[in-house]
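Summary of the model geometry
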Amino acid sequence: MDKVLLKCRGISKRFSEVIAITGLDLDLNHGEIVSILGSSGCGKTTLLRLIAGLEKPDEGSIELERKSLFGKDINVPPNKRGLGMVFQEYALFPHLSVRENILFGISTLSKKDQETKLKKVLDLTRIGKLISRFPSELSGGEQQRVALARTLATEPSLLLMDEPFSNLDASLRGSVRNEVRGILRDSGSTTLFVTHDREEAFSISDRVAIMVDGNIQQIDPPDKIYFWPNTKKVASLSGSCDFIEGITKGESIETSLGSIERRTHSMMENGTNVVVAVRPNDFVMTPDPKGNNVVIRKEFRGDDTLFWVKTRSGETIRCKHKIHTTLFVGLRVTLAPEKYVKFNAFLK
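Report on the accompanying structure. (Residues numbered from 1 in each chain as written. Predicted model: local features only at pLDDT ≥ 70, side-chain atom pairs only at ≥ 80, totals over all residues. Heavy atoms only, no water.)

1. What about the environment of Asn270?
Put simply, the test is: Helix and strand definitions here come from DSSP, where helices need a minimum of 4 consecutive H or I residues and strands a minimum of 2 consecutive E residues; each element is numbered from the N-terminal end. Burial status follows relative accessibility: with a 1.4 Å probe on protein chains alone, a residue under 20% of its type maximum counts as buried, one over 50% as exposed, and anything between as partly exposed. The contact criterion used throughout is that any non-hydrogen atoms of two residues lie within 4.5 Å.
Within the secondary structure layout, Asn270 lies in the loop between strand 14 (258-261) and strand 15 (273-278). For Asn270, a relative accessible area of 57% puts it in the exposed group. Sequence separation between Asn270 and Ile244 is 26 residues; the distance between their C-alpha atoms is 18 Å. Setting aside residues no more than four positions away along its own chain, Asn270 makes contact with Thr248, Lys249 and Gly250.

2. Re the pairing of strand 15
The test is simple: Any two strands with at least two DSSP-identified bridges between them are counted as paired.
The buried count for strand 15 comes to five of six residues, which makes it a mostly enclosed element. Where strand 12 (residues 242-249) and strand 15 come together, six bridges link them in antiparallel fashion. Paired with Phe243 across the strands is Ala277, a residue of strand 15. Two elements, strand 15 and strand 21 (residues 344-347), share four bridges in a ladder whose sense is antiparallel.

3. Considerations on the packing of helix 4 (residues 140-152) against helix 5 (residues 170-187)
This is how it is decided: Note on method: axes are straight lines fitted to C-alpha atoms, helices fitted across the in-contact stretch only, with angles between N-to-C directions ranging 0 to 180 degrees. If an angle is under 35 degrees, it is roughly parallel; if it is over 145, roughly antiparallel; if it lies from 65 to 115, roughly perpendicular; otherwise it is oblique. Throughout, a crossing is termed right-handed when the near helix is turned clockwise from the far one, and left-handed when it is turned anticlockwise from it by less than a right angle. In this classification, Asp, Glu, Lys and Arg are treated as charged, Ala, Val, Leu, Ile, Met, Phe, Trp, Tyr, Cys and Pro as nonpolar, and every other residue, Gly included, as polar.
Following both chains from N to C, one finds helix 4 and helix 5 inclined at 20°, their axes separated by 10 Å at the closest point. In terms of axis orientation, helix 4 runs roughly parallel to helix 5. For the pair helix 4 and helix 5, the crossing hand works out as right-handed. For the pair formed by helix 4 and helix 5, the contact residues are Gly141, Gln144, Arg145, Leu148 and Leu152 on the first element and Leu172, Val176, Glu179, Val180, Ile183, Leu184 and Ser187 on the second. Looking at side-chain class alone, the contact of helix 4 with helix 5 contains seven nonpolar, three polar and two charged residues.

Right, dumping it as structure tokens:
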């Protein structure tokens, strides 16, 4: 069996003068969960709609299980593509019970097959006790699972999910996300998941694709996206990040914070002017009356405290510190890199 389930090549889409997608390539493997992570307006939902057949690309090709969905003289209708889609609004029929909502998409099957599939998805999503309820009688998390059950009942080759947790309260998102991830794993569904929330993308996905201005800048496992970003934009989207200037010197970088060790995934000659990505956990702050850096802002966040520190060159970086701290605004500090931390440098 071919490892690749979905193959997109050279996909472009324009709406009047707005370029939504440009020359995009994407492969999705059987059984994996991939998130498209990007800010609003980057084209991620448009990509989902192009794959689903709800929009038509201007250029490119789309294949699913080695069969063409879109290409030269080919544009398979949405209902013939073998895809399932879960929207932000869940789109449950308010006048139908949970049972009737799930059976709606498989109504052409025999009664026996309908009941077999119904039992399977009820067991998978653990919503058997809700079968007689109507959508108005369900919580947001329960509606999410019903929408997922209805889609999985059709046994789609590929599941598309568009910001599926955005309508849930913040307190619910984590638990529902874990439930959905478990359901997708148990079902073996191949899933393309669109979100602007980094935590969601990292926690639910095998790979994360960072989308910027209509194209994918990097697609890798979440930890590689975070620790080895290819570009400044990927570094910013993959986690809280500040940038300071530096000059390369072997495997180090000379900065206003002293000499720091850099990752060597990109070759740069000595003396190259660069910008360095700095995460809030990268440096340890130590009070020092002779320190070259000054705390200019402090923000308590419950689990930790975030400090804004101005360096001797006037650059500002953020540093996290443990909850119980005596550090305060105006305090002079020294900054030392955490042990084993290496820094990502990008051309200035």
